[in-house]
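Architecture at a glance
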Amino acid sequence: LCGNGMSMAIQSAQIASKLILNYLEGTILTRTQLEKQYIRQWKKEFGWRLKAGHFIAKLFRNNTIANLMLQVLQKLPFLLPIIIKQTHGKPIKL
């Protein structure tokens, strides 16, 4: 439910590579700082969408709620792209 896993892997690598370059250039002084910055940026990028995906998946595991949600989405289809947007990331910036 959280979008393309390959995209998340590429974005994670992009976050890591930028921070590693900063570390090698001396902008980030320690490995601990690098790791803390990576965790902070990773959570900023993926935290909400993973929480939203887990919440939606939990709702769909309950048949009664899932059926109700499907009925609501059939009557209000404009909600579907809003829900999808919460679980998918933004395009990668180069």
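Residues numbered from 1 in each chain as written. Predicted model: local features only at pLDDT ≥ 70, side-chain atom pairs only at ≥ 80, totals over all residues. Heavy atoms only, no water.

**Structural notes on the nonpolar core**
How we decide: Buried residues of nine kinds, namely Ala, Val, Leu, Ile, Met, Phe, Trp, Tyr and Cys, make up a nonpolar core once their side-chain atoms join them within 4.5 Å. Exposure classes here rest on a 1.4 Å probe applied to the protein chains alone. A residue is buried below 20% of its type maximum, exposed above 50%, and partly exposed in between. Only DSSP runs of H or I covering at least 4 residues are called helices, and only runs of E covering at least 2 are called strands; the numbering of each starts at the N terminus. Note on definitions: a residue-residue contact is assigned when non-hydrogen atoms from the two residues lie within 4.5 Å.
The biggest cluster of nonpolar side chains holds 6 residues, and these are Met8, Ile15, Leu19, Ile28, Leu34 and Phe46. Elements with a contribution of two residues or more to this core: helix 1 (5-25) and helix 2 (31-60). Of all the elements, helix 1 adds the most residues to this core, at 3 residues. If sequence neighbours within four positions are ignored, phenylalanine 46 has contacts with Met8, Gln11, Ser12 and Ile15.

**Considering the pattern of salt bridges**
To keep it simple, the criterion reads: We define a salt bridge as a side-chain nitrogen of Lys or Arg found within 4 Å of a carboxyl oxygen belonging to Asp or Glu.
Applying the stated rule across the entire model yields 1 salt bridge. Among the ionic pairs, arginine 31 bridges to glutamate 35, the shortest N-O distance being 2.6 Å. Here arginine 31 pairs with glutamate 35, and both are found in helix 2, just 4 residues apart, close to one helical turn.

**What about helix 1?**
In plain terms, the rule: Given a helix with a known number of residues, its expected span is that number minus one, times 1.5 Å.
Look at helix 1: 30 Å from first C-alpha to last across 21 residues, which is about the 30 Å you get at 1.5 Å a residue. Packed against the buried residues of helix 1 are helix 2. Phi turns positive one or two residues past the end of helix 1, at glycine 26, with a value near 90 degrees.

**Observations regarding the confidence of the model for the chain**
Which entries qualify depends on this criterion: pLDDT measures the predictor's confidence residue by residue and takes values from 0 up to 100.
Considering every residue of the chain, the mean pLDDT works out to 89; 94% of them sit at 70 or more. Mean pLDDT values over the elements of the chain span from 86, in helix 4 (residues 79-87), up to 94, in helix 3 (residues 63-75).

**A few points about the packing of aromatic side chains**
Convention followed: Working definition: rings of Phe, Tyr and Trp (its six-membered ring) pair if their centres are within 6.5 Å, and the pair is stacked with planes under 30 degrees apart, edge-to-face with planes over 60 apart, and tilted otherwise.
The tally for this structure, following the rule as stated, stands at 1 aromatic pair. An angle of 55 degrees between the planes, with centres 5.0 Å apart, marks the rings of tryptophan 42 and phenylalanine 46 as tilted. One end of the pair is tryptophan 42 and the other is phenylalanine 46, both in helix 2 and 4 residues apart, which spans about a single turn. Taking the relative accessible area as the measure of exposure, tryptophan 42 reaches 28% and is therefore partly exposed. Relative accessible area serves as the criterion here: at 0%, phenylalanine 46 is assigned to the buried category.

**Here's the deal with the packing of helix 1 against helix 2**
As a reminder, the rule being used: As a rule, the C-alpha atoms of each element are fitted with a line to give its axis, helices using only the stretch in contact, and angles between N-to-C directions run from 0 to 180 degrees. The cut-offs work like this: below 35 degrees is roughly parallel, past 145 is roughly antiparallel, 65 to 115 is roughly perpendicular, and the gaps in between are oblique. Left-handed describes a crossing whose near helix is turned anticlockwise from the far helix through less than a right angle; right-handed describes the clockwise counterpart. Any residue that is not Ala, Val, Leu, Ile, Met, Phe, Trp, Tyr, Cys, Pro, Asp, Glu, Lys or Arg is counted as polar, Gly included; the first ten are nonpolar and the last four charged.
One way to put it is that helix 1 packs onto helix 2 with a least axis distance of 10 Å and a crossing angle of 155 degrees. One way to sum up the angle between helix 1 and helix 2 is to call them roughly antiparallel. Crossing geometry of helix 1 relative to helix 2 is assigned as right-handed. Contacts from Met8, Gln11, Ser12, Ile15, Ala16, Leu19, Ile20 and Tyr23 of helix 1 reach helix 2 at Arg31, Leu34, Gln37, Tyr38, Gln41, Trp42, Glu45, Phe46, Arg49 and Leu50. Partitioned by chemical class, the residues of the contact of helix 1 with helix 2 number 11 nonpolar, 4 polar and 3 charged.

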